[in-house]
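# Fold and contact review
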Amino acid sequence: RLVAALGVRELHLALTQGFWRTRAWGQPPLQAPAGAELWVWFQPTVTDVDKAWKELSNILSGIFCASLNFIDSTNTVTPTASFKPLGLANGTDHHLLRYAVLPREVVCTENLTPWKKLLPCGSKAGLAVLLKAERLFHSSYHSQAVHIRPICRDASCLAVSWELRQTLTVVFDTFSSGQGKKDWSLFKMFSRTLTDACPLASQSKVYVDISPKNKEKELLEVTPAPASVHEAIVQGDKRTYAVYDLLSPSLFNTSRSLNVQLKWKRPQDSSDLPTPILHAQRYVSGYGLQTGEISTLIYNTHPYRAFPVILLETVPWYLRLYVHTLTIITKGKENKPSYIHYQPAQDRRRPHLLEMLIQLPANSVTKITIQFERALLKWTEYTPDPNHGFYVSSSVLSALVPSVIAMKEVDVEQSPLFTSLFPSSDGSSYFVRLYTEPLLVNLPTPDFSMPYNVICLTCTVVAVCYGSFYNLLTRTFHVEEPSRGGLAKRLANIIRKFRGVPPL
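Quantities reported herein were computed from a predicted structural model and do not represent experimental measurements. (Residues numbered from 1 in each chain as written. Predicted model: local features only at pLDDT ≥ 70, side-chain atom pairs only at ≥ 80, totals over all residues. Heavy atoms only, no water.)

## Re the nonpolar core
The following threshold applies: The definition of a nonpolar core used throughout is a set of buried Ala, Val, Leu, Ile, Met, Phe, Trp, Tyr and Cys residues joined through side-chain atoms within 4.5 Å. The classification of residues rests on relative accessible area computed with a 1.4 Å probe and restricted to protein chains. Under 20% of the type maximum is buried, over 50% is exposed, and intermediate values are partly exposed. An automatic or database domain assignment provides the domain bounds reported here.
One finds Trp-115, Leu-194, Val-208, Tyr-244, Leu-246, Leu-258 and Val-260 to be the most contacted residues of the largest nonpolar core, which totals 43 residues. For this core, the two domains that each supply at least three residues are domain 1 (1-173) and domain 2 (183-266). One finds Val-309, Leu-311, Leu-360 and Leu-397 within the second-largest nonpolar core, a separate group that totals 19 residues.

What follows is the structure in structure tokens.
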């Protein structure tokens with residue numbers, strides 16, 4: 001597991017399917033949805049929020065060569081509790097907030113190129129030289145995000161600046177590509193090594209997670225030997241990181257490049273990752289193309305602590321929800337939400353919005369189900385591949401998860417990476433915002449091959465039958481007698497006959 005940072009503008013590579021996150025005045029999630037996500041809190045001085053939202057999505061679409069311009073009122077909602085502005089924003093009116101998701105959009109090369117241009121040194125120096133497109137997009141998972149928020153420029157906060165933070169998440173399956181070995185290196189993953197730091201960066205460090213599962217035996221070996229080791233509490237778990245400072249002059253003294261390698265002293269089997277305290281899954285059940293049911297399972301694996309979670313559901317308008325069928329079951333009993341907000345959809349105008357505050361008991365599984373009915377679309381509203389299905393965006397879970405390990409007070413200047421990427425309110429809990437997988441729902445789809453057959457048959461009938469009748473009714477025929485020619489032609493034929501030449 002590799003984590004890297006570039007000062008305020010950070011490059012985050014960690015073990016976390018392609019997606020876009022572009023957000024302003026907000027906290028980045030610890031897990032990512034599949035698709036393109038955009039949520040912004042506008043200032044109260046904005047008179048027409050929807051107009052500003054449309055302009056912003058079009059501007060970001062042009063900057064990043066993304067498909068964010070497809071964000072409109074049919075996939076935009078106004079949450080009341082799931083998101084709030086951070087930084088210096090002091091907004092409490094949720095009517096100024098907008099949230100939208102494009103679950104079908106994925107990150108591609110044309111999105112990575114303008115994203116890299118926002119880095120201080122681009123992809124010419126520093127950690128950004130590892131961002132090779134053909135290696136990143138051959139990984140098991142990749143995502144990129146841009147976060148913008150206002151911050152204080154000085155301690156007295158007399159001046160305000162805008163902070164731009166870029167994060168990139170990539171997952172490499174080294175176990176399958178390495179013939180059953182967990183050993184990895186920068187060159188194996190990125191086909192490149194680090195040669196120098198970005199001259200414009202105030203910090204440029206590489207963090208390697210060397211936390212062993214069995215603390216009695218050190219099974220990990222990292223080369224070259226790190227100059228320092230950093231310990232931090234990440235999502236309630238104590239982690240140990242080997243730190244490589246690219247700005248240190250002694251780092252490149254022995255070699256001209258840095259190729260961090262991690263080896264296991266003995267062969268390791270493919271073991272499952274530890275189960276997080278809070279995780280969820282979502283699926284569609286039912287049969288036929290008329291009705292169905294959306295089920296969400298939320299797991300709380302903490303042995304003795306219960307905590308609340310805010311669930312945000314965004315469902316397209318062509319799936320008509322039956323709110324009276326909403327059921328929440330925990331340990332065989334009904335679980336009534338403490339807060340619920342539902343905004344019904346309007347056909348071809350806005351989607352469904354459902355927000356709930358649910359209490360999760362310790363060591364429990366909470367199942368949330370709601371039934372829906374599929375609507376019939378106009379033939380012009382189907383996608384070019386309608387039989388592939390229609391995507392439903394991910395659910396959003398926001399919670400303060402209790403920590404098993406008490407967190408110590410760490411100076412912000414000593415660990416800026418972990419306090420920014422893994423924020424915590426206090427030592428007993430940490431904030432988590434995670435996303436479930438998107439859903440793929442089939443809708444009643446007409447046989448689009450029939451219009452093609454009808455058009456071909458109609459064109460054939462028109463061309464053959466109508467064309468023939470039209471020619472017969474409008475064409476006139478004239479009989480012309482062949483002319484015998486004049487005196488000169490007759491004399492020429494007589495001469496040609498005596499010469500044995502065919503007549504004219």
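## Quick look at the side chain of Ser-398
Short version of the rule: In DSSP terms, a helix is any run of H or I states spanning at least four residues, a strand is any run of E spanning at least two, and both are numbered starting from the N terminus. Should any heavy atoms of two residues lie within 4.5 Å, those residues are counted as being in contact.
By secondary structure assignment, the location of Ser-398 is in strand β23 (residues 396-402). Assessed through its relative accessible area of 6%, Ser-398 is described here as buried. Sequence-distant contacts of Ser-398, defined by excluding residues within four places in its chain, comprise Ser-82, Val-309, Ile-310, Phe-431, Val-432 and Arg-433.

## Some points on the packing of aromatic side chains
Filter applied, for reference: Stacked, edge-to-face and tilted are the three classes for Phe, Tyr and Trp ring pairs, Trp counted by its six-membered ring, which pair at centre distances within 6.5 Å; planes under 30 degrees apart are stacked, over 60 edge-to-face, the rest tilted.
Taken as a whole and judged by the stated rule, the model has 8 aromatic pairs. Summarising the aromatic geometry, the rings of Tyr-382 and Phe-448 are spaced 5.5 Å apart at their centres and angled 75° between planes, so their arrangement reads as edge-to-face. Pair noted here: Tyr-382 is in the loop between β21 (364-374) and β22 (390-392) and Phe-448 is in the loop between β25 (439-441) and α7 (449-474), with a separation of 66 residues, a long-range link. Given a relative accessible area of 11%, Tyr-382 falls into the buried group.

## Details of the sheet that holds strand β16 (residues 307-315)
We count it as follows: Pairing between strands is defined by DSSP: at least two bridges between the two strands are required. Axis lines are fitted to C-alpha atoms, over the contacting stretch for helices. Their N-to-C directions set the angle, which ranges from 0 to 180 degrees.
In spatial order, the strands read β19-β20-β16-β23-β24; together these 5 strands make up an open sheet with antiparallel pairing. For this open sheet the edge positions go to β19 (339-343) and β24 (429-435), each flanked by a neighbour on one side alone. Geometrically, the sheet is characterised by an average inter-axis angle of 15° between neighbouring strands, direction not taken into account. Pairing geometry for β19 and strand β20 (residues 352-360), over 5 bridges, is antiparallel. Following the sheet pairing, Tyr-342 is matched in β20 by Leu-354.

## Topic: the sheet that holds strand β8 (residues 184-185)
Taken in spatial order, the 3 strands line up as β8-β13-β10 in an open sheet, and their pairing is antiparallel. Looking at strand neighbours, the two that pair on one side only are β8 and β10 (220-223), the edges of this open sheet. In terms of strand pairing, β10 meets strand β13 (residues 261-264) through 4 bridges, oriented antiparallel. Each residue of the ladder has a partner; that of Thr-223, found in β13, is Gln-261.

## What about empty space enclosed by the protein?
The test is simple: A cavity here means a set of points on a 1 Å grid, drawn over the protein atoms and nothing else, where a 1.4 Å probe fits but cannot get out; a pocket is an open set with protein on both sides within 12 Å along at least five of seven lines, and a residue lines either one if it has an atom within 4 Å of a point. Grid points are joined across faces, edges and corners, and a volume is the space filled by probe spheres set on the points. Under this grouping Gly is polar, as are all residues other than the nonpolar Ala, Val, Leu, Ile, Met, Phe, Trp, Tyr, Cys and Pro and the charged Asp, Glu, Lys and Arg.
By volume, the largest cavity is sized at about 90 Å³. Ile-294, Thr-296, Glu-313, Val-315, Leu-321, Leu-326, His-352, Leu-353, Leu-354, Ile-368, Thr-369 and Ile-370 together form the lining of the largest cavity. Of all the secondary structure elements, the ones that give two or more residues to the lining of the largest cavity are β15 (291-300), β16, β17 (319-330), β20 and β21. When its residues are assigned to classes, the lining of the largest cavity shows 8 nonpolar, 3 polar and 1 charged.

## Looking at the state of the cysteines
Put simply, the rule is: The criterion for a disulfide is a pair of cysteine sulfur atoms lying within 2.5 Å.
Scanning all chains against the criterion turns up 2 disulfides. Note that Cys-152 is cross-linked by a disulfide to Cys-157, the S-S spacing being 2.0 Å. Handedness of the Cys-152-Cys-157 disulfide follows from its S-S torsion of about -70°: it is left-handed. Given the relative accessible area of 31%, Cys-157 is considered partly exposed. The disulfide pattern of the protein is 1-4, 2-3 when the bonded cysteines are numbered in sequence order. Cysteine Cys-456 remains unbridged, with the sulfur of Cys-459 as its closest cysteine sulfur at 6.8 Å.

## Examining helix α1 (residues 49-64)
For the record, the criterion: Helix span, as expected, comes to 1.5 Å for every residue beyond the first. Definition of a polar contact: a pair of N or O atoms within 3.5 Å, with one able to donate and the other able to accept a hydrogen when the atoms are protein atoms, and with sequence-neighbouring residues admitted only if both atoms are side-chain atoms.
Across its 16 residues, α1 extends 22 Å between first and last C-alpha, which sits within 8% of the 22 Å expected from 1.5 Å per residue. Listing the buried residues of α1 in full gives Val-49, Ala-52, Trp-53, Ser-57, Leu-60, Ser-61 and Phe-64. Taking the backbone nitrogen of Lys-51 as reference, a side-chain oxygen 3.3 Å away marks Asp-48 as the first, capping residue of α1. Among the residues trailing α1, Cys-65 stands out with phi positive, at a value near 55°.

## Topic: the pairing of β23
In terms of burial, β23 is largely enclosed, as 6 of its 7 residues are buried. Relative to β23, β16 runs antiparallel, the two being bridged by 4 bridges. Counterpart to Ile-310 in the pairing with β23 is Ser-398. Where β23 meets β24, 7 bridges bridge the pair, whose relative direction is antiparallel. Note on β24: the bridge partner recorded for Pro-402 is Ser-429.

## Here we look at unusual backbone geometry
In this structure, the amide linkage connecting Thr-223 to the following residue, Pro-224, adopts the cis form with an omega of -5°. You can see Pro-224 is positioned in the loop between β10 and β11 (228-234). A positive phi angle, close to 55°, is found at Lys-331, a residue other than glycine. As for its placement among the helices and strands, Lys-331 is situated in the loop between β17 and β18 (333-334). By relative accessible area, Lys-331 is classed as exposed at 56%.

## What to know about the pairing of strand β12 (residues 237-245)
In the sheet, strand β9 (residues 205-209) pairs with β12 via 5 bridges, with the strands oriented antiparallel. Along β12, the bridge assignment pairs Asp-209 with Tyr-241. Remark: 2 residues form the turn of the hairpin made by β11 and β12, two consecutive strands paired antiparallel; Gln-235 in that turn has positive phi of roughly 55°.

## Here's the deal with the environment of Thr-296
Inspection of the secondary structure puts Thr-296 in strand β15. Residues Thr-296 and Ser-395, 99 residues apart in the sequence, show an inter-C-alpha distance of 8.6 Å. Not counting chain neighbours up to four residues away, the residues in contact with Thr-296 comprise Gln-281, Arg-282, Glu-313, Thr-366, Lys-367, Ile-368 and Ser-395. At 3.2 Å, the side chain of Thr-296 forms a polar contact with the side chain of Glu-313.

## Concerning the pattern of salt bridges
As a reminder, the rule being used: Salt bridge, as used here, is a side-chain nitrogen of Lys or Arg placed within 4 Å of a carboxyl oxygen of Asp or Glu.
Under the counting rule described, the total for this entry stands at 8 salt bridges. Across the salt bridge formed by Arg-98 and Asp-50, the nearest N and O atoms sit 3.0 Å from each other. Of the two residues, Arg-98 is situated in strand β5 (residues 97-102) and Asp-50 in helix α1; the sequence distance between them amounts to 48 residues. A relative accessible area of 10% places Arg-98 in the buried class.

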